[in-house]
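# Structural overview for review
Okay, here's what each chain looks like letter by letter:
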Amino acid sequence: MSIKLTVPIEEKKIRELRIGDSVLLTGVIYTARDAAHKYMKENFIARPCPPAEEPVYQVLRRGLAGGVIYHCGPVVRKLPAKGTGAERYEFVAAGPTTSIREEPYEADIIRHFGVRAVIGKGGMGPRTLAACQECGAVYLHAIGGAATLIAETVTEVRNVYKLEFGVPEALWEIRVEDFPCVVTMDSHGQSLHARIEEASRRKLAELLTR
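Criteria and thresholds
- By convention here, each chain's residues receive numbers from 1 onward along its written sequence.
- Under the rules for a predicted model, residues below a pLDDT of 70 receive no local features and side-chain atom pairs below 80 are neither given nor counted, while totals for whole chains, interfaces and linings still include all residues.
- Side-chain metrics in this entry use all non-hydrogen atoms of the structure; hydrogen atoms and water are not considered.
- Note that a disulfide, as used here, is simply two cysteine sulfur atoms within 2.5 Å.
- Secondary structure elements are defined from DSSP: runs of H or I of at least 4 residues count as helices, runs of E of at least 2 residues count as strands, and each element is numbered from the N terminus.
- Multiplying 1.5 Å by the residue count of a helix minus one yields the expected span of that helix.
- Whether two residues touch is decided by their heavy atoms; if any such pair falls within 4.5 Å, the residues are in contact.
- Under this scheme, a helix contributes an axis fitted over its contacting stretch, all axes are lines through C-alpha atoms, and angles between N-to-C directions fall in the 0 to 180 degree range.
- By the definition adopted for this analysis, an angle is roughly parallel if under 35 degrees, roughly antiparallel if over 145, roughly perpendicular if from 65 to 115, and oblique otherwise.
- Amino acids are sorted into nonpolar (Ala, Val, Leu, Ile, Met, Phe, Trp, Tyr, Cys and Pro), charged (Asp, Glu, Lys and Arg) and polar (every other residue, Gly among them).
- Only protein chains enter the area calculation, which uses a 1.4 Å probe; residues under 20% of their type maximum are buried, those over 50% are exposed, and those in between are partly exposed.
- Pairing between two strands requires that DSSP report at least two bridges joining them.
- Looking down the strands as they point away from the viewer, one classifies a crossover as right-handed if the path from the first strand across the helix to the second runs clockwise.
- Pairing of aromatic rings covers Phe, Tyr and Trp, the last through its six-membered ring, and needs centres within 6.5 Å; plane angles under 30 degrees mean stacked, over 60 mean edge-to-face, and all others mean tilted.
- Within this document, salt bridges are pairs made up of a side-chain nitrogen of Lys or Arg and a carboxyl oxygen of Asp or Glu, the two lying within 4 Å of each other.

### A word on the state of the cysteines
One pass over the full model with this rule turns up 0 disulfides. Take C72: it sits in no disulfide, and the sulfur closest to it among the cysteines is that of C181, at 13 Å. Of all cysteine sulfurs, the one in C132 lies closest to C135, which takes part in no disulfide; the gap is 8.1 Å.

Here it is as structure tokens:
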């Protein structure tokens, strides 16, 4: 049975999760890939926030406190403007991106913003796992190859930041409902990815000694 989580997520809820738990996530989350992670690290963590970036920083500071980052480069369709003239978007495909590319940044971002969950595919490394244990966060594995199905859980595209990075690399603020994923790195120092890697290494060693 899946555990329902609503963003913002309390640390207590995160500490109750264990690897292997199935989760349905609802609430506002933010997509971020390579360019967005580099941008956040360089502008908000490595140095004082430049005045020109302060509006984005304030959005992320509020939105990521108890919040969720999704490693995703979406396919997005622009919709006709309504009466206000504001641009509107919808997600056509929203599959997970390989997460290990963000390993140089993720631990610092979790600590700085108070992120409670990171969604992606393939897992992350020891620095991110340590930050999850220290801060009360988890890594959630999304289903690869199900981009259009995941897009159906996106009920609203609320905003986009740093669109100059390109559509896949921009920071998209989206609302999701019952986004399905599985805990594969928990806040107790356990990583399903590390376990599988170790088991595979042992099996390979056995095969090579036959």
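That shown, we press on.
### Some thoughts on helix α2 (residues 34-45)
Since the α-helix packs 3.6 residues into each turn, any two residues three or four apart lie on the same face. Compared with an ideal rise of 1.5 Å per residue, which puts 12 residues at 16 Å, α2 spans 16 Å between its outermost C-alpha atoms and is within 8% of the ideal. As for α2, its buried residues are in contact with α3 (54-63), β3 (68-70), α4 (103-113) and β9 (171-185).

### So, the packing of α4 against helix α5 (residues 126-135)
Between α4 and α5, the least distance of the axes is 8 Å, while the angle of their chain directions is 10 degrees. It follows that α4 is roughly parallel to α5 by the angle criterion. Here E103, P104, E106, A107, D108, I110 and R111 of α4 lie close against α5, whose contacting residues are P126, R127, T128, A130, A131, C132, E134 and C135. The class makeup of the residues in the contact of α4 with α5 is 8 nonpolar, 1 polar and 6 charged.

### A few points about unusual backbone geometry
Excluding glycine, residues mostly carry a negative phi; peptide bonds, for their part, are mostly trans. Look at the link from V7 to P8: it is a cis peptide, with omega at 0 degrees. Tracing the sequence through the fold places P8 in the loop between β1 (3-6) and α1 (11-15). Backbone geometry places K162, a non-glycine residue, at a positive phi of 60 degrees. Checked against the element boundaries, K162 lands in the loop between β8 (154-161) and β9.

### Some remarks on α4
Along α4, 8 of the 11 residues are buried, which leaves the element largely enclosed by surrounding structure. When α4 is considered as a whole, its buried residues turn out to be E103, Y105, E106, A107, D108, I109, I110 and F113. On its buried face, α4 sits against α2, α3, β3, β6 (117-120) and α5.

### Looking at the pairing of strand β7 (residues 138-141)
Pairing analysis gives 4 bridges linking β6 to β7, with the strands arranged parallel. Its bridge partner being in β7, I119 is matched across the sheet by L140. What joins β6 to β7 is α5, and the crossover it makes is right-handed. Across 3 bridges, the pairing between β7 and β9 is antiparallel. By the bridge assignment, H141 is partnered in β9 with V182.

### Quick look at the environment of A117
On the secondary structure map, A117 appears in strand β6. Along the chain, A117 and Y139 lie 22 residues apart, while their C-alpha atoms are 5.7 Å from each other. Those residues in contact with A117 that sit more than four places away from it in its chain are G67, V68, I69, V138 and L140.

### As for the packing of aromatic side chains
Taken as a whole and assessed by the stated rule, the structure comprises 8 aromatic pairs. Aromatic side chains F44 and Y57 sit 4.9 Å apart centroid to centroid with 40 degrees between the ring planes, which places their arrangement in the tilted category. One end of the pair, F44, is in helix α2; the other, Y57, is in helix α3, with 13 residues separating them in the sequence. Ring centres of Y89 and W172 lie 5.2 Å apart, and the angle between their planes is 80 degrees; on these two criteria the pair is classed as edge-to-face. Placement of Y89 in strand β5 (residues 88-93) and of W172 in strand β9 is noted, with a sequence separation of 83 residues between them.

### Re the pattern of salt bridges
Summed over all chains, the structure comprises 15 salt bridges. Between E42 and K38 there is a salt bridge, with its nearest N and O atoms 2.8 Å apart. Of this pair, E42 and K38 both sit in helix α2, separated by 4 residues, roughly a single helical turn. With a relative accessible area of 38%, K38 lands in the partly exposed category. Put simply, R175 and E156 hold a salt bridge, and the shortest N to O gap is 3.5 Å. One end of the pair, R175, is in strand β9; the other, E156, is in strand β8, and 19 residues separate them in sequence. The exposure class assigned to E156 is partly exposed, which follows from its relative accessible area of 35%. Because the salt bridges share partners, they merge into one network encompassing E11, R15 and R116.

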